[in-house]
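Residue-level listing of the chains:
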Amino acid sequence: MSLQATTAIRKRGVRFALACLGATAALLPAGAMAKDANSCTPGTTLHLNAPASSQGGLLLIEMKSTKPLAEVQGDWDGRSVPFWGEAAGDAQRKGLLGVDLEKAPGEYELKVTGQTASGEKISCTAKVAVRKGRFATERLQVGKQFVEPSPEQIKRAEEERQRLRDIFDRVTPERLWDGTFRIPLDGVTTGANFGRRRILNGNPGSPHGGVDLPGTTGTPVHAAQRGRVTLAEELFFAGNTVVVDHGLGIYTLYGHLSEIGVKVGDDLEAGAVLGKVGATGRVTGPHLHWGLTVERARVNPLQVVRLLGNSSGETARKKSSKPRTN
């Protein structure tokens, strides 16, 4: 090989390495710290994995103290943010802040309060900016039967939407998951269409609240993490659907299944097969619709795989610092 050819190959390698580093940096944004005297009680720090989030995003919050903590709870624009600890008497708590897919862009205050094991009150505040999400829009002309459901179908779909809202409103006050979250299909590393909005015959529809994962009919669908089945039935839009409660307001949804292999009340281990990929409901081909709801906020489920990569331990079912019953 000539010297000129060798030099060209090296230059291409450097450009490729720089591109990879740039992509990695985009996936790992700089964190934000609220630690000055005006934002945190002395001896306490509040850290967010990123200073801002876009619509449909997810942030990991860490509260640390120089003293053991007894309880911690958060509030963000009127929405509860449950926290958990890895062990009793730990001086650190973590929480997930979900930014709903349609949350208005702007700056919102996060307030975290609690007390130490000795009874001292603690608090931290931070501003969290919400940016407008960059979602695709698809315009289609289709037959009327696809955009003009019958009154009976409309009634059914609305009743099912309300049932899902009621499920997501219930927050199990303990953490049910243990370890890392996973993508529900083996061999699949990413998904598409989160937040996409379809405009059918000029009429805008609701944004797509999950990611579509590619798969052929019959492919096993695995639980993203340990949890309890709260819904397992056929729905008008999502077809055969399973919803799993992971505790602390975290739910995952699996739609368009060809088969459902679990029932309401089943306790699942991480990776348990709960059904098979299909094309039931209002779809044009087989795939898995995977959704994530965090304290009623619709967020991109791929982010929980990235953020909760270190949430393991024997204390997975410890009580949260702010139990809530319904």
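Along each chain, residue indices are assigned from 1 in the same order as the chain's sequence is written. Under the rules for a predicted model, residues below a pLDDT of 70 receive no local features and side-chain atom pairs below 80 are neither given nor counted, while totals for whole chains, interfaces and linings still include all residues. Heavy atoms from the whole structure form the basis of all side-chain values; hydrogens and water molecules are not counted.

On to the overall build of the protein chain. The secondary structure listing takes helices from DSSP runs of H or I that are at least 4 residues long and strands from runs of E that are at least 2 residues long, numbered from the N terminus. From N to C terminus, the protein chain includes four helices and 21 strands. When checking whether two residues touch, look at their non-hydrogen atoms; a contact exists if any pair is within 4.5 Å. By sequence separation, contacts in the protein chain at least 24 residues apart represent 66% of the contacts at least 6 residues apart. Only the protein chains shown count as cover for residues, and the accessible areas themselves come from Shrake-Rupley with a 1.4 Å probe. If you sum the accessible surface of the protein chain, you get close to 16400 Å²; carbon and sulfur atoms cover 53% of it.

Here we come to the state of the cysteines. Working definition: a disulfide is two cysteine sulfur atoms within 2.5 Å of each other. The final tally for this structure, using the stated rule, is one disulfide. Paired by a disulfide, Cys-40 and Cys-124 hold their sulfur atoms 1.9 Å apart. Classification of the bridge connecting Cys-40 and Cys-124 rests on its S-S torsion, roughly 120°, and on that basis the disulfide is right-handed. A residue pair is termed long-range when its members are at least 10 positions apart, and Cys-40 in the loop between strand E1 (32-34) and strand E2 (44-48) and Cys-124 in strand E9 (residues 121-131) qualify at 84 residues. What makes Cys-40 buried here is its relative accessible area of 6%. By relative accessible area, Cys-124 is classed as buried at 0%. Whether a residue is buried, partly exposed or exposed follows from its accessible area with a 1.4 Å probe, protein chains only, as a fraction of its type maximum: under 20%, in between, or over 50%, in that order.

Let us now look at helix H3 (residues 151-169). Helix span, as expected, comes to 1.5 Å for every residue beyond the first. The end-to-end C-alpha separation of H3 is 27 Å, in line with the 27 Å expected for 19 residues at 1.5 Å each. Within the sequence span of H3, burial applies to Ala-157, Glu-160, Leu-164, Ile-167 and Phe-168. In an axial view of H3, the angular spread of the buried residues amounts to 95°, which keeps them on one side of the axis. Turned more than 90 degrees from where H3 packs its buried face, Pro-151, Glu-152 and Lys-155 sit exposed. Among the structural elements, strand E15 (227-235), strand E16 (239-247), strand E17 (250-260) and strand E20 (287-294) are those in contact with the buried residues of H3. Arc, as used here, means the arc of the directions from the helix axis to the C-beta atoms.

Another aspect to go through is the pattern of salt bridges. Salt bridge, as used here: a side-chain nitrogen of Lys or Arg that lies within 4 Å of a carboxyl oxygen of Asp or Glu. Enumeration over the complete set of coordinates arrives at 20 salt bridges. Two residues, Asp-267 and Arg-228, come together in a salt bridge whose shortest N-O distance is 2.7 Å. Taken together, the positions of Asp-267 in strand E18 (residues 267-268) and Arg-228 in strand E15 put the pair 39 residues apart, joining distant regions of the chain. What makes Asp-267 exposed here is its relative accessible area of 56%. Here Arg-296 makes a salt bridge to Glu-295, at a shortest N to O gap of 3.3 Å. A relative accessible area of 2% places Glu-295 in the buried class. Connected through salt bridges with shared partners, the residues Asp-100, Glu-102, Arg-197 and Arg-298 form a single ionic network.

With respect to the helices, strands and loops of the structure, Asp-100 is situated in the loop between strand E7 (92-98) and strand E8 (106-116). A polar contact is formed between the side chain of Asp-100 and the backbone nitrogen of Glu-102, at a distance of 3.0 Å. Engagement of the side chain of Asp-100 in a polar contact is seen with the side chain of Arg-298, the distance being 2.9 Å. Not counting residues up to four positions away in its chain, the partners in contact with Asp-100 are Gln-55, Gly-56, Arg-296, Ala-297 and Arg-298. A 3.5 Å cut-off defines polar contacts: any pair of N or O atoms within that distance qualifies, except that in protein one atom must be a possible hydrogen donor and the other a possible acceptor, and neighbouring residues in sequence count only when both atoms are side-chain atoms.

Looking at the secondary structure, you find His-222 in strand E14 (residues 220-222). Looking at His-222, the relative accessible area reads 10%, which means it is buried. Separated by 2.7 Å, the side chain of His-222 and the backbone oxygen of Gly-271 make a polar contact. Dropping the residues within four chain positions of it, His-222 is found in contact with Arg-182, Pro-184, Asp-186, Tyr-254, Gly-271, Ala-272, Val-273 and Leu-274.

Another aspect to go through is the confidence of the model for the protein chain. The predicted model of the protein chain averages 84 in pLDDT, with 80% of residues at 70 or higher. Contacts of residues 1-30 to residues separated by more than four positions or lying in other chains number nine contacts, the stretch itself having pLDDT below 50. Each residue carries a pLDDT score, the predictor's own confidence in it, on a scale running from 0 to 100. Confidence drops under a pLDDT of 50 for residues 310-326, and excluding neighbours within four residues, the segment shows 51 contacts in the predicted structure.

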